Protein chains: 2
Amino acid sequence: MSSEQEFLAGYDPRAFPPVAVSVDVVALTIRDGELHVLLVRRGVPPFAGQWALPGGFVRAEDLDTAAVRELAEETGQQLGRIHLEQLGSYGAPDRDPRMRVISVAYLVFAPELADPGAQPQAGSDAAEAAWVPVPAVRDLAFDHARILADGLERARAKLEYTPLATAFTGDEFTIAELRAVYETVWGERLHAGNFHRKVLSVPGFVESTGESTQTGGPRGGPRSRLYRRGDAQLLHPALLRPGREDAVR
Amino acid sequence: MSSEQEFLAGYDPRAFPPVAVSVDVVALTIRDGELHVLLVRRGVPPFAGQWALPGGFVRAEDLDTAAVRELAEETGQQLGRIHLEQLGSYGAPDRDPRMRVISVAYLVFAPELADPGAQPQAGSDAAEAAWVPVPAVRDLAFDHARILADGLERARAKLEYTPLATAFTGDEFTIAELRAVYETVWGERLHAGNFHRKVLSVPGFVESTGESTQTGGPRGGPRSRLYRRGDAQLLHPALLRPGREDAVR
DNA sequence: AAAATAGTGTCTTTAAGACACTATCCG
DNA sequence: CGGATAGTGTCTTAAAGACACTATTTT
């Protein structure tokens, strides 16, 4: 026994400086035509009183599970159909003043919640939680501003080559609603006619329900057909963001 | 003091189950026209004697730094110009039999090393290290087979929209050498003429040195012009992989 | 001489985007 | 009615890919 311990000594993880692992979640949704991110106001030091991404330390669970759990705890509600993917890990030695904490960041796309006025409930370690318009976000705790920026860029890129825009809509949606998602996330106006044709031309992006909306738009216009998400996992050809012909960075 | 400790108790990272953090590196290079990955043979349990990705536990350093350090230690040589990027984190609760270990995986592209016969030297915790042809890899320790698969897919995708194929070549290269990188990583033959024109048409991908090779190819053909990497960070338009028109997954 | 390769020319097909237009619905 | 919007038609340009061809080099 003691010989095995000695043999393993140089390789025992416990011989290394202590470290903690947390998950932080960049949860995005669209409300009132604006991109919102879920933030919590910290109730305890460090950074008490400041806004931060929801998250917490991982328990005896998978990383994905930890992300979903933290999100549910701090929103206080069951999240229905959401898209969740790992964003990256952040481990600068001084990013948490308490000790070495490595954070695995997740990106979540959520449709606007069923209850239109639903405010997230404060969960375990958050004093308050709210959906905040992305342009209004400032002074996040830790390195969360950087994590949010990385999440936004990932979201913008993902809309190009995956059908994940549908993760922001209801189960059934119009092409105009889908276009609104792209315009909101990309922050650019798109040409309605060309967008319409493009979406329908990509195999498996959307499929028709055969139904139409009951009324026209709030400012006029004909009723529009309803679609649901198709079975494509990747968009071919992709919907590229306009105006980046000479993008060198 | 004790009141502060009590206040912080629920939020103290040390109150959570112990966890260790490691980095694992998928280092790819091209040798003899085949894609190779750097592996180490484990000298100690668990998985003693099996091949694994190089890696180790993080110290008081940034994650990127840890990846570079482990790579240098286990190859035993100074790696010159390499490309390094984070691949993702792997944290299944039972992925390491010793204890909870969360691994941050990195992806490295390295040109063939200056010394053509250079065999990596065994470093700290590896009994042996070698560049192994990717198709010959089997039975990796831990969940490293999955990490390698994810790294390969990332590498294939990155060649499409970034100039990272140049990370596999020397500082100066011919279009044919660049094409060989694409063919090796993608595992597909490309049309020489169209590839040539395409590469030169993408702004900032490559720039001419004005020089040419001293001889033609080993099996004949004219001398070819030499290029170096341009300043583009992204390829517009991208070089898409052929034959995935209807890719639904 | 024969084979291989670098590099270019040209044509077809596909896709993106600009613009126009009709039909439908709201106020 | 006037304004806004859904959806379609058409034209131009960019880009991908197939194919052909020349010039240059090696064996």
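Residues numbered from 1 in each chain as written. Chains lettered and ligands numbered in written order. Predicted model: local features only at pLDDT ≥ 70, side-chain atom pairs only at ≥ 80, totals over all residues. Heavy atoms only, no water.

Structural notes on the overall build of chain A
Then step 1. In terms of helices and strands, chain A carries five helices and nine strands.
Then step 2. Buried positions account for 49% of the 249 residues belonging to chain A.
Then step 3. Of the roughly 12100 Å² of accessible surface on chain A, a fraction of 51% belongs to carbon and sulfur atoms. (Helix = DSSP H or I, 4+ residues; strand = E, 2+ residues; numbered from the N terminus. Buried < 20%, exposed > 50% of the residue type's maximum accessible area, 1.4 Å probe, protein only. Areas by Shrake-Rupley, 256 points an atom, 1.4 Å probe, with all protein chains shown as cover.)

Looking at the layout of surface pockets
Residues and elements named next belong to chain A.
Then step 1. One number sums up the size of the second largest pocket: a volume of about 610 Å³.
Then step 2. T174, A176, E177, G217 and S224 are the residues nearest the centre of the second largest pocket, which is lined by 21 residues in total.
Then step 3. Listed by contribution, the elements that provide at least two residues to the lining of the second largest pocket are α4 (175-186), α5 (192-201) and β9 (225-229).
Then step 4. In terms of residues, the lining of the second largest pocket owes the most to one element, α4, which gives five residues. (1 Å grid on protein atoms, 1.4 Å probe; cavity = no way out; pocket = protein on both sides within 12 Å on 5 of 7 lines; lining within 4 Å. Points joined across faces, edges and corners; volume = space filled by probe spheres on them.)

Focus on the packing of aromatic side chains
Then step 1. Under the counting rule described, the total for this entry stands at ten aromatic pairs over all chains.
Then step 2. Residues F16 of chain A and F57 of chain B carry aromatic rings whose centres are separated by 5.2 Å and whose planes lie at 40° to one another, so their mutual orientation is tilted. Separated into two different chains, F16 of chain A in the loop between α1 (2-8) and β1 (20-31) and F57 of chain B in strand β4 (residues 55-57) make up a pair that spans both.
Then step 3. Aromatic pair Y182 of chain B and F195 of chain B: ring centres 5.5 Å apart, planes at 65°, arrangement edge-to-face. Residue Y182 of chain B is located in helix α4 (residues 175-186), and its partner F195 of chain B is located in helix α5 (residues 192-201); the two are separated by 13 residues in the primary sequence. Like Y182 of chain B, the residue F195 of chain B is buried in the burial classification.
Then step 4. Here the aromatic residues Y182, W186 and F195 of chain A are joined through ring pairs into a cluster of three or more. (Phe/Tyr/Trp six-rings, centres within 6.5 Å; stacked < 30°, edge-to-face > 60°.)

With respect to the environment of H83 of chain A
All names here are of chain A.
Then step 1. The topology assignment puts H83 in strand β5 (residues 83-90).
Then step 2. For H83, the residues in contact, after removing those within four places along its chain, are L107, V108, F109, L164 and A167.
Then step 3. Polar side-chain contacts of H83 include one of 2.7 Å to the side chain of E85. (Contact = heavy atoms within 4.5 Å. Polar contact = N/O pair within 3.5 Å; in protein donor to acceptor, adjacent residues only side chain to side chain.)

A few points about the protein's contact with DNA strand D
Then step 1. Close to DNA strand D lie 26 residues, the nearest being H196, P222 and R225 of chain A together with N194 and K198 of chain B.
Then step 2. Counting only the atoms of DNA strand D within 4 Å of the protein, the fraction contributed by sugar and phosphate is 66%.
Then step 3. Between R197 of chain A and DNA strand D, the recorded distance is 3.1 Å, taken from a side-chain N or O atom to a base oxygen.
Then step 4. For DNA strand D, a base nitrogen lies 3.4 Å from a polar atom in the side chain of R197 of chain B.
Then step 5. Counted by class, the surface near DNA strand D contains six nonpolar, twelve polar and eight charged residues. (Near = heavy atom within 4 Å. Nonpolar A, V, L, I, M, F, W, Y, C, P; charged D, E, K, R; others polar.)

A word on the packing of α4 of chain B against α5 of chain B
All names here are of chain B.
Then step 1. Orientation of α4 relative to α5, taken along the N-to-C sense of each, is 105°, at an axis distance of 10 Å. Here α5 runs roughly perpendicular to α4, going by the angle between their axes. For the pair formed by α4 and α5, the contact residues are I175, L178, R179 and Y182 on the first element and A192, F195, H196, V199 and L200 on the second. (Axes fitted to C-alpha atoms, helices over the stretch in contact; angles between N-to-C directions. Parallel < 35°, antiparallel > 145°, perpendicular 65-115°, else oblique.)

Some words on the pairing of strand β2 (residues 34-42) of chain A
All names here are of chain A.
Then step 1. Most of β2 sits out of view: seven of its nine residues are buried.
Then step 2. Bridge count between β1 and β2: four bridges; the pairing is antiparallel. Counterpart to R31 in the pairing with β2 is E34.
Then step 3. Linking β1 back to β2 in an antiparallel pair, the connection comprises two residues, with D32 at a positive phi of about 50°.
Then step 4. Sheet topology places β2 next to strand β3 (residues 51-52); two bridges connect them, and they run antiparallel. Looking across to β3, one finds that V40 is bridged to A52. (Pairing = 2+ DSSP bridges.)

As for the protein's contact with DNA strand C
Then step 1. The full set close to DNA strand C counts 26 residues, and N194 and K198 of chain A together with H196, P222 and R225 of chain B are the nearest of them.
Then step 2. Looking at DNA strand C alone, sugar and phosphate atoms form 67% of those within 4 Å of the protein.
Then step 3. Within the backbone of G221 of chain A, a nitrogen or oxygen atom sits 2.9 Å from a base oxygen of DNA strand C.
Then step 4. Between a base oxygen of DNA strand C and a side-chain N or O atom of R197 of chain B, the distance comes to 3.0 Å.
Then step 5. Listing elements by their share of the surface near DNA strand C, those giving two or more residues are α5 of chain A together with α4 and α5 of chain B.
Then step 6. Here the surface near DNA strand C is built from residues that sort into six nonpolar, twelve polar and eight charged.

A short note on the pattern of salt bridges
Residues and elements named next belong to chain A.
Then step 1. All told, the structure shown has 36 salt bridges over all chains when counted by the stated rule.
Then step 2. Here E73 makes a salt bridge to R59, at a shortest N to O gap of 3.8 Å. With E73 in helix α2 (residues 63-75) and R59 in the loop between β4 (55-57) and α2, the pair connects residues that are 14 residues apart, well separated along the chain.
Then step 3. For E73, a relative accessible area of 25% corresponds to the partly exposed category.
Then step 4. Measuring nitrogen to oxygen at the nearest pair gives 3.2 Å for the salt bridge that ties R69 to E70. Each member of the pair, R69 as well as E70, carries the same accessibility label: buried. (Salt bridge = Lys/Arg side-chain N within 4 Å of Asp/Glu carboxyl O.)

Digging into the confidence of the model for chain A
Then step 1. Averaged over all residues, the pLDDT of chain A is 88; the fraction at 70 or higher stands at 86%.
Then step 2. Across residues 1-10 of chain A, confidence stays below pLDDT 50; counting only partners more than four residues off in sequence or on other chains, it has six contacts. (pLDDT = per-residue confidence, 0-100.)

Notes on the packing of helix α3 (residues 144-161) of chain A against α4 of chain A
All names here are of chain A.
Then step 1. Direction vectors running N to C along α3 and α4 enclose 145°, while the axes themselves pass 9 Å from each other. With respect to the hand of their crossing, α3 and α4 are arranged in left-handed fashion. From α3, A155, R156, L159 and E160 reach across to α4, where they touch V181, Y182, V185 and W186.
Then step 2. A breakdown of the residues in the contact of α3 with α4 according to their chemical character gives six nonpolar, no polar and two charged. (Left-handed = near helix turned anticlockwise from the far one by under 90°.)

Details of the pairing of strand β6 (residues 101-109) of chain B
Residue and element names in this part refer to chain B.
Then step 1. When you tally the buried positions in β6, you get nine out of nine residues, the bulk of the element.
Then step 2. The two faces of β6 match: V101, S103, A105, L107 and F109 on one face and I102, V104, Y106 and V108 on the other face are all buried.
Then step 3. Pairing of strand β5 (residues 83-90) with β6 involves seven bridges; the strand directions are antiparallel. Residue pairing for β6: G88 is matched across the bridge by A105.

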